[in-house]
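Residue strings, one per chain:
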Amino acid sequence: MRKLIILFAVIALGVNISCSSMLDVEPENSVTFTNFYKNEQDVATLTRGMHAMLAWSMRSFNVLEYVGVKADASPSGHMPSPDVFMRYHVWNSVGTSWKSFYDVIYECNLLFDNVKEPVCARERMDFYYGQANFVKGVCYFQLARYWGDAVISGHTEDTQSRPKKPMIEVLDTALACAKRAFALLDKHENQVDQTGAKITSKQYGSKGNAATLIAHINAWKAAMGKGLSNEERRACWEEADIYATKVIDTDECGFYELENSAELLVTNTLNTRNGKESIFELELNAKDETLDGQVFTSTRWFVGFPVVPGALPGDVTSNQWKLKIQTVLDMYPGTDERKNAFFYKPELYLNDPDSARACGGYAFEYKYRKGSYSTETTSGQTLVFENFDVNKMIWRLADLILLRAEVRLHLGNMSGAKQDLWQVQQRSKADKYTDGDLQMAIFREREKELIFEDQRYFDVMRNEGYYKTELPKNKVFVPFPFPHEEEEEVYSLLTEQEIADGALFLPIGSGAFYLNPMMIQNAYWFNIK
């Protein structure tokens, strides 16, 4: 994949000749962006390039997702909270560069800026314009979630420096793109490529994942937008409800359906590409050598027996990342099938004395279990685990149903919120919510259902005040008077002003300041320098 991206970039650079100073004459040997895209094949190639770059930019495990991982044991100093960022100076190099997202946006703008007239049938142009709008909307949404305030780029030949815009404007830009995509795109099951072949990939924009993007943008804006009136927030919650409902309860956006059990979810959606519950997932090719060892899901840190060939139950005790079996059973009590679908025989390894002794009381990840293996080894093993042979799940139906439960709670529709919560619980035969803090119950259900799918940090951010209790303490290695770890409070000590200044967002990486005198650091990070 990397070679393809680089090749496309080289082609793009080779033809990137500004014609602003040229006469309106097209020499036979002159190739510019404005005359490069002459037919559907050219536009299809550009669109594939957009999606290749999108997968590249979103596949890496971001530092904020890192913070949200639920774990009972983790590496010393792994939590990148404000103090740890400064102590280890990682914020200039790890997960804080937004360049890849702007590279993708540039590719989308190539289509908008240079293909203003159809080069193929109108329905095909709607597909390509829809793809570019969907991809661009996803990128701006990611920029808003990771950094808050961000730059809104101009057209492809615009090289002027630009300041950051408030997160609300970034979200509105994402929303405008997502709505155009929704209007232009067909249902996933109706989509075909330029040859007429059915498109199976759910990375490609469709009416369903465009509607889901609209719902997510509105929920984020309502929960996180500074300066919105109560009426404006309610309008966002209402629009989120409307578009989520289009996907969940109608056929307007296509066919999406919950798997019938937790085990079928694991086998038919999470470990099989483009399953019926999937709404949006990144296409990852297990044969892509750049994926070897790449962490694109937190599950990579927990994987071992029985997924890894040759691994033994006792190996889990030496993992840096661990969850206790008791934690798993507390999360999934009673008849909840997810404890045995997402983890390997937790009750056996807790209750059987020999088994319990072997694993030290720690659970075995089993939610992702389809591996990519190498046979080139000198260790005597027949197979060596390289990575998971799965796509990266971004959104699926259960996620959207629980998001709608959260949305309906904010709208005061308690009955609707409970119904959505119960629908997901019922699928896994989990204990049904009866009473208590409904907002926390929805948060906990998302935590259970989406474990290892790495949405938790953003769920914490959307729920006001949850950062004080739901984000981990820092683990600090202390060498004296003897080597040991200590925990220190950081997130719970943040003030309301620090939160408003962006303490929960990423700092802007140093590369963004290069040749841009209008760039300034986010307020929180600027103040603690």
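Since this is a predicted model, take the numbers as computed values, not measurements.

Quick notes on the rules
Residues numbered from 1 in each chain as written. Predicted model: local features only at pLDDT ≥ 70, side-chain atom pairs only at ≥ 80, totals over all residues. Heavy atoms only, no water. Axes fitted to C-alpha atoms, helices over the stretch in contact; angles between N-to-C directions. Helix = DSSP H or I, 4+ residues; strand = E, 2+ residues; numbered from the N terminus. Left-handed = near helix turned anticlockwise from the far one by under 90°. Contact = heavy atoms within 4.5 Å. Nonpolar A, V, L, I, M, F, W, Y, C, P; charged D, E, K, R; others polar. Expected span 1.5 Å × (residues − 1). Buried < 20%, exposed > 50% of the residue type's maximum accessible area, 1.4 Å probe, protein only. Core = buried A, V, L, I, M, F, W, Y, C linked by side-chain atoms within 4.5 Å. pLDDT = per-residue confidence, 0-100. Salt bridge = Lys/Arg side-chain N within 4 Å of Asp/Glu carboxyl O. Phe/Tyr/Trp six-rings, centres within 6.5 Å; stacked < 30°, edge-to-face > 60°.

## Let's talk about the packing of helix α10 (residues 230-248) against helix α17 (residues 397-410)
Working step 1: Between α10 and α17, whose axes approach to 9 Å, the crossing angle comes to 145°. Where α10 crosses over α17, the two elements pack in a sense that is left-handed. Every residue of α17 that contacts α10 at Arg234, Trp237, Ala240, Asp241, Ala244, Thr245, Val247 and Ile248 is listed here: Leu397, Leu400, Ile401, Arg404, Val407, Arg408 and His410.
Working step 2: Of the residues assigned to the contact of α10 with α17, the class counts are nine nonpolar, two polar and four charged.

## Concerning helix α6 (residues 99-114)
Working step 1: Here α6 contains 16 residues, and its C-alpha end-to-end distance of 22 Å stays within 8% of the 22 Å for a straight helix at 1.5 Å per residue.
Working step 2: When we look at burial in α6, the residues that qualify are Phe101, Tyr102, Val104, Ile105, Glu107, Cys108, Asn109, Leu110, Leu111, Phe112 and Asn114.

## Focus on the nonpolar core
Working step 1: Ranked by size, the top nonpolar core spans 112 residues in total, and within it Trp98, Leu111, Phe134, Leu143, Trp220 and Phe280 carry the most contacts.
Working step 2: Those residues in contact with Leu111, other than ones at most four positions away along the chain, are Val43, Leu46, Met50, Tyr128, Tyr129 and Ala132.
Working step 3: In terms of nonpolar packing, the next biggest core, distinct from the first, is built from 39 residues, Leu265, Val328, Ala341 and Phe388 among them.

## Describing unusual backbone geometry
Working step 1: Between Phe305 and the following residue, Pro306, the backbone shows a cis peptide bond with an omega angle of 0°.
Working step 2: Mapped onto the elements, Pro306 comes out in the loop between α12 (299-302) and α13 (325-331).
Working step 3: Of note, the phi angle at Asn274 is positive, near 60°, even though the residue is not glycine.
Working step 4: Relative to the helices and strands, Asn274 is located in the loop between α11 (262-270) and β1 (278-282).
Working step 5: One non-glycine residue with positive phi stands out, namely Leu515, at about 60°.
Working step 6: Within the secondary structure, Leu515 is located in the loop between α22 (496-500) and α23 (523-527).
Working step 7: When its relative accessible area of 68% is taken as the criterion, Leu515 is described as exposed.

## Here we look at the confidence of the model for the protein
Working step 1: In the predicted model, the protein carries a mean pLDDT of 88, and the fraction of residues at 70 or more is 88%.
Working step 2: Note on residues 1-31: pLDDT under 50 across the span, and 29 contacts to partners over four residues away in sequence or across chains.

## A closer look at the side chain of Asp420
Working step 1: Relative to the helices and strands, Asp420 resides in helix α18 (residues 414-427).
Working step 2: Since its relative accessible area comes to 2%, Asp420 is described here as buried.
Working step 3: The contacts of Asp420, once residues within four sequence positions are left out, are Ile401, Leu402, Arg404, Ala405 and Arg408.

## Focus: the pattern of salt bridges
Working step 1: Summed over all chains, the structure comprises 36 salt bridges.
Working step 2: Arg234 is the partner of Glu238 in a salt bridge, and the nearest nitrogen-oxygen pair spans 3.2 Å. Highlighted residues: Glu238 and Arg234, both in helix α10, separated by four residues, approximately one helical turn.
Working step 3: On the accessibility criterion, Glu238 (36% relative accessible area) is partly exposed.
Working step 4: Note that Arg456 and Glu447 form a salt bridge whose closest N and O atoms lie 2.7 Å from each other.

## Overview of the packing of aromatic side chains
Working step 1: Applying the stated criterion across every chain, the model contains 33 aromatic pairs.
Working step 2: Judged by centre distance (5.2 Å) and plane angle (75°), the rings of Phe127 and Tyr128 are edge-to-face.
Working step 3: Classification of Phe127 by relative accessible area gives buried; the value is 8%.
Working step 4: By relative accessible area, Tyr128 is classed as buried at 2%.
Working step 5: By the ring-pair criterion, three or more aromatic residues cluster together here, those being Phe61, Tyr66, Trp301, Phe302, Trp321, Tyr332, Phe342, Phe343 and Phe452.

## Concerning the environment of Met414
Working step 1: For Met414, the location among the structural elements is in helix α18.
Working step 2: The exposure class assigned to Met414 is partly exposed, which follows from its relative accessible area of 37%.
Working step 3: Setting aside residues up to four positions removed in sequence, Met414 forms contacts with Leu409 and Leu438.

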